[in-house]
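# Structural overview
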Amino acid sequence: MSSLVEGAIIGANQTFLTWTGYRREELIPAKKFCDLLTVPGQIFYETQFAPLLQMQGFVKGVAFDLVRTNRQPLPVLVNSTLVAAKDGRPAFIRSLFFDATDRRRYESELLLARRNLAEQVKLRTAELEKEIVHRTRAEASLQDLTLRLLKLQDDERRRLARELHDSVGQILSAVSMNLGFLSRKANHLEEPVRARVAETSELIQEALKEIRVVSHLLHPPLLDEMGLAAALRTYIEGFSNRAKVQVALTIEENFGRLPQDLETGIFRIVQESLTNIHRHAESATASVSVLRSREQVQIIVQDRGKGIPESVDHGVGLRGMRERVAQFGGLLEIETSSSGTTITSTFPING
């Protein structure tokens, strides 16, 4: 479909006429594009679509509902391009329409599936809560439940990290690309607008940086892709920069891979140990040693701080570390004094 800048339709192919139900003489030039939109679509066209098209010369993948002659809405996706004036003729807009009926149906089905899943999760959560009430009567069952929750927590961290990286990160990257386009056109903008575009671009880059940091803290992708050694090197380097604690890592170059759950457990032990050093030990240095033999893996984390306060020794962090080690049939030993703390975790490889 082609239309003048003010919206009057000047051309449409037979497919568009068939979709909308209009005869050509009913549409051209009697109708404007806005006349074929629902009221919300008309508002969006006037306030967002048209100004953006004028500003950047094209708009892609915008969803509208076309109102057909039988008053039934037709969901479409619209790509529009502003074609410059030539030979004294006025500028016009060329628009391509894609039938989004199947996509709209898929989105509705997906929304329904998510609601059903949320209901199932709610029901399952209620069942687990009931199970917790009964199993807390026995110490062995309580430990079993704690380990399951740790596993769920790791899986959720992995999922959230992936969502942040793949979804939110991509959206911000797209926004950054749009801002980059505006920056390249900045000479045509007023100085306050140019400054605001530049400031917004910097904020987007900061947001992307923060998302990458949070995503890696939740679950570093290298842990699944490259293994424990690569994940620890990257994490410790970032931790040293953020916390201003110099951490020395000792691990073999050819350390190799371990079972995924065991790699995750060891990584969380190191992560929690360094977090405690940063929060409580007041130590400027620390060391992490990961030693592997045929039968076991041993992790030694040391600092030169003021020792572990009693409140931390009985807190959730160390309890979680003990549970993680117990999950694999291992042993956690803590030596602390006013001159520093050493946490030694031993995991049997085939435990």
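Scope of this entry: the structure provided in the associated data block. None of these values were measured; they are calculated from a predicted model.

What counts, and at which threshold
Residues numbered from 1 in each chain as written. Predicted model: local features only at pLDDT ≥ 70, side-chain atom pairs only at ≥ 80, totals over all residues. Heavy atoms only, no water. Helix = DSSP H or I, 4+ residues; strand = E, 2+ residues; numbered from the N terminus. Buried < 20%, exposed > 50% of the residue type's maximum accessible area, 1.4 Å probe, protein only. Contact = heavy atoms within 4.5 Å. Areas by Shrake-Rupley, 256 points an atom, 1.4 Å probe, with all protein chains shown as cover. Axes fitted to C-alpha atoms, helices over the stretch in contact; angles between N-to-C directions. Parallel < 35°, antiparallel > 145°, perpendicular 65-115°, else oblique. Left-handed = near helix turned anticlockwise from the far one by under 90°. Nonpolar A, V, L, I, M, F, W, Y, C, P; charged D, E, K, R; others polar. Pairing = 2+ DSSP bridges. Phe/Tyr/Trp six-rings, centres within 6.5 Å; stacked < 30°, edge-to-face > 60°. Polar contact = N/O pair within 3.5 Å; in protein donor to acceptor, adjacent residues only side chain to side chain.

## Details of the overall build of the protein
- What the protein contains, in helices and strands, is eleven helices and ten strands.
- Counting all 351 residues of the protein, 35% fall into the buried class.
- Restricting to contacts in the protein with at least 6 residues of sequence separation, those with at least 24 account for 56%.
- Approximately 21,200 Å² of the protein is accessible, and the part contributed by carbon and sulfur atoms is 54%.

## Points about the packing of helix 8 (residues 228-243) against helix 9 (residues 260-281)
- Packing of helix 8 against helix 9 leaves a shortest axis separation of 11 Å and a crossing angle of 15 degrees. Judged by the angle between their axes, helix 8 and helix 9 are roughly parallel. Crossing of helix 8 over helix 9 shows right-handed handedness. Taken together, the residues of helix 9 that come into contact with helix 8 (itself represented by Leu228, Ala231, Leu232, Tyr235, Ile236, Phe239 and Ala243) are Glu263, Ile266, Phe267, Val270, Gln271, Leu274, Thr275 and His278.
- Split into classes, the residues belonging to the contact of helix 8 with helix 9 amount to eleven nonpolar, three polar and one charged.

## Quick word on the sheet that holds strand 2 (residues 9-11)
- Across the sheet, five strands lie side by side as 2-1-5-4-3; this open sheet has antiparallel pairing. Of all the strands in the sheet, the pair left with one neighbour each is strand 2 and strand 3 (58-67). Strand-to-strand twist across the sheet, computed as the mean angle between neighbouring axes with direction ignored, equals 35 degrees.
- Across the face of the sheet, helix 3 (residues 39-56) comes into contact with strand 3, strand 4 (73-83) and strand 5 (92-99) while running at roughly 160 degrees to strand 3.
- On top of the sheet, helix 4 (residues 101-135) reaches strand 3, strand 4 and strand 5; it is set at about 125 degrees to strand 4, its chief contact.

## Here we look at the packing of aromatic side chains
- Summed over all chains, the structure comprises ten aromatic pairs.
- When the centroid spacing of 5.4 Å and the interplanar angle of 65 degrees are considered together, the rings of Tyr235 and Phe267 count as edge-to-face. Taken as a pair, Tyr235 in helix 8 and Phe267 in helix 9 lie far apart in primary sequence, 32 residues in all. Pair check on accessibility: Tyr235 and Phe267 agree, each one buried.

## Quick notes on the pairing of strand 10 (residues 340-348)
- For strand 10, a buried count of eight out of nine residues is recorded, marking the element as mostly surrounded by other parts of the structure.
- Sheet topology places strand 8 (residues 296-303) next to strand 10; eight bridges connect them, and they run antiparallel. Bridging across to strand 10, Gln296 finds its partner in Pro348.
- Alignment of strand 9 (residues 331-337) against strand 10, held across seven bridges, turns out to be antiparallel. Bridge pairing links Ser337 to Gly340 in strand 10.
- Counting the residues in the hairpin turn of strand 9 and strand 10 gives two residues.

## Examining the side chain of Gln271
- Tracing the backbone through its elements, the reader meets Gln271 in helix 9.
- A polar side-chain atom of Gln271 sits 2.8 Å from a polar atom in the side chain of Arg268.

## What about the sheet that holds strand 7 (residues 285-292)?
- Across the sheet, which stays open at both edges, the five strands sit in the order 6-7-8-10-9 with mixed pairing between neighbours. The sheet terminates laterally at strand 6 (246-250) and strand 9, the two strands that pair on one side only. In this sheet, adjacent strand axes meet at a mean angle of 10 degrees when their direction is disregarded.
- With respect to the sheet, helix 8 is in contact with strand 6 and strand 7, its orientation differing from that of strand 6 by roughly 165 degrees.
- Docked against the sheet, helix 9 engages strand 6, strand 7, strand 8 and strand 10, running at close to 10 degrees with respect to strand 8.

## What to know about unusual backbone geometry
- Backbone torsion omega between Ile28 and Pro29 reads -5 degrees, so that peptide bond is classified as cis.
- Secondary-structure assignment places Pro29 in the loop between helix 2 (24-27) and helix 3.
- The backbone of Lys244 shows a phi angle near 60 degrees, a positive value even though the residue is not glycine.
- With a relative accessible area of 65%, Lys244 lands in the exposed category.

## Points about the side chain of Ser95
- Along the chain, Ser95 turns up in strand 5.
- Reaching out from Ser95, the side chain makes a polar contact with the side chain of Ser80 at a distance of 2.7 Å.
- Residues within four places of Ser95 in sequence aside, it is in contact with Met1, Val78, Asn79 and Ser80.

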